[in-house]
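In case you want the letters, here they are:
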Amino acid sequence: MKKLLYIFLAFMLIILPSISFSQANYSYAAEITEETLNEQTVTYIKQFVGYDSPAKTLVDRRAGTQGEHAAASQIISLISANGLVAKNNDSTTSGIQSFEFYNPNTGKKETSRNVIFTLKGLDSSKKVVISCNYDNYYSGYIGQNDQVITTGEKYSEGINASAASVAVLLSLSKFISADTLPFDIDFVFFGAMYADNAGANYYNQTLNKTEREQILFMFDLSRIAVGSNLYFYTSEFGSKQDAYLADKLGIKQFKNSVHGTGETANNNLGYVTGGYSDSATVFAGTGLNYVHIFAGDYETGVFSGIRELDGQANVLNTENDKYDYIVSTHKKMLLNNTKTIFLALDNLLSDENIVSSGEIKNGAINYQLINNNYSHWITFFVIMICLIIAIVIHYTISKKTVKYAIDNKITGVMIQVEDDKKEDE
């Protein structure tokens, strides 16, 4: 009996952990430190804007220009290196969703493109969409056709306009492993945002009913490099998920009714605010679980439009919206905003309500399924319960055996082992 008990305990100790972990440990994404994340963000910003290129052909990213097309190709090159799959459907070929649009800045019909790549999860019937724009607008470029910045010429790299947002999406695509989350992630980079959100409008029009129903959440980033605070916004009228998002994002909820008035604009509501701007004017109210994440300063006074810093001029769409200037004046803000948004999205993607889980420990980011977080404890408690049961059984059997021996005046037990071979002879 004791031998069988020991065999049973050994079996439980070996089998239970393997069962628990095999159910939970799909594959882990890379573990990265805060320093590594910051370095990667800066690297992606520089690569995307062609910081080390003397010609700076990726700086002028006005909607419909050669520079914008070159920027789209740069994104494809960078995100393909992370192993993502190019989107292919009726409107998208090899990750490129081309479209024509009327450009109010030039008064002409032009072409642009959205870039769409997918990180495959365990269940492609569900998806999360993470998006941003990649174009830039600087009035000093008007009349320029060659996308080459000459010596002494003023220019804007559009770090706050789009490059920082692009870098966060690229970092997410790099550090989240494929086949770990129970849904796909579509990374969408909109072209021609500075032309009445032409890229976002086109993407929205291409979504059919089935695709809309597959989208669990859509997170759009804009203007995140420079801003005293980080905010999220769902709609002018609020969302039933605002409380959940406020808790999980760890950043402030933007409420127009509290913070002031808007600025007249040609959109569905006839105005824009810090939250209701950019792609939010397209997706808010479409029925999608849409979340706009952005930076700014809307804590005091009445404002109109977009305000990055209280009492200071915006860098957006100016010659100051470039890497050297922002790093010299707002480096800490840039790195803190991009890191915070990266972790906020990680927190949401890893939340059990969106089906998966992750955690942050000692400055390192670990991606893992929620079952894995609990499986260690479940395994531990199951083993402990089995051990307790085994000890109780062993004690009970031993006690009854001793009592039986005493009651029957048994002083010893003789075991006779017969030799089968001898008996056969």
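Predicted model, so just to flag it, every value in this text is computed and none were measured. (Residues numbered from 1 in each chain as written. Predicted model: local features only at pLDDT ≥ 70, side-chain atom pairs only at ≥ 80, totals over all residues. Heavy atoms only, no water.)

Trainee: Now, about helix H7 (residues 242-249): what can you tell me, with residues and values included?
Mentor: Residues of H7 that are buried: Asp 242, Tyr 244, Leu 245 and Leu 249. Projected down its long axis, H7 carries its buried residues within an arc of 155°, all on one side. Every exposed residue of H7 that faces more than 90 degrees away from the buried side is listed here: Ala 243 and Asp 247. In this fold, the buried residues of H7 make contact with strand E7 (215-222), strand E8 (229-233), strand E9 (252-253), strand E12 (290-296) and helix H10 (323-349). A positive backbone phi angle near 75° is found at Gly 250, which sits one or two residues after H7. (Buried < 20%, exposed > 50% of the residue type's maximum accessible area, 1.4 Å probe, protein only. Helix = DSSP H or I, 4+ residues; strand = E, 2+ residues; numbered from the N terminus. Arc of directions from axis to C-beta. Contact = heavy atoms within 4.5 Å.)

Trainee: Describe unusual backbone geometry, listing the residues and the values that go with them.
Mentor: Residue Ser 94 is not a glycine yet carries a positive backbone phi of 55°. Among the residues examined, Ser 94 registers a relative accessible area of 45% and is labelled partly exposed. Even without being glycine, Asp 196 reaches a positive phi, approximately 60°. The topology assignment puts Asp 196 in the loop between strand E6 (184-190) and helix H5 (198-206). A relative accessible area of 53% places Asp 196 in the exposed class.

Trainee: Please set out the pairing of strand E5 (residues 127-133) residue by residue, giving values where relevant.
Mentor: Among the seven residues that make up E5, seven are buried, leaving the element largely enclosed by the rest of the structure. Covered by surrounding structure in E5 are Lys 127, Val 129, Ser 131 and Asn 133 together with Val 128, Ile 130 and Cys 132, the residues of both alternating faces. By the bridge criterion, seven bridges tie E5 to E6 in an arrangement that is parallel. Across the sheet, residue Ser 131 finds its bridge partner in E6, namely Val 188. Here E5 runs beside E7; their pairing, made up of six bridges, is parallel. The partner of Val 128 across the bridge, within E7, is Phe 217. (Pairing = 2+ DSSP bridges.)

Trainee: Which residues make up the pattern of salt bridges, and what values do they have?
Mentor: Side chains bearing opposite charge may pair, as long as their charged atoms lie close to each other. Applying the stated criterion across every chain yields a total of 14 salt bridges. In this structure, Glu 34 engages Lys 339 in a salt bridge whose closest nitrogen and oxygen atoms are separated by 3.2 Å. Within this pair, whereas Glu 34 is found in helix H2 (residues 34-49), its partner Lys 339 is found in helix H10, the two being separated by 305 residues in sequence. Here Glu 34 falls in the partly exposed class, since its relative accessible area comes to 37%. Residue classification places Lys 339 among the buried positions, given a relative accessible area of 17%. Taking the shortest distance from any N to any O, the salt bridge between Glu 319 and Lys 154 comes out at 3.6 Å. You can see Glu 319 sitting in the loop between E12 and H10 and its partner Lys 154 sitting in the loop between E5 and helix H4 (159-175), a full 165 residues away along the chain. With a relative accessible area of 51%, Lys 154 lands in the exposed category. Linked by salt bridges that have partners in common, Lys 87, Lys 127 and Asp 186 make up one network. (Salt bridge = Lys/Arg side-chain N within 4 Å of Asp/Glu carboxyl O.)

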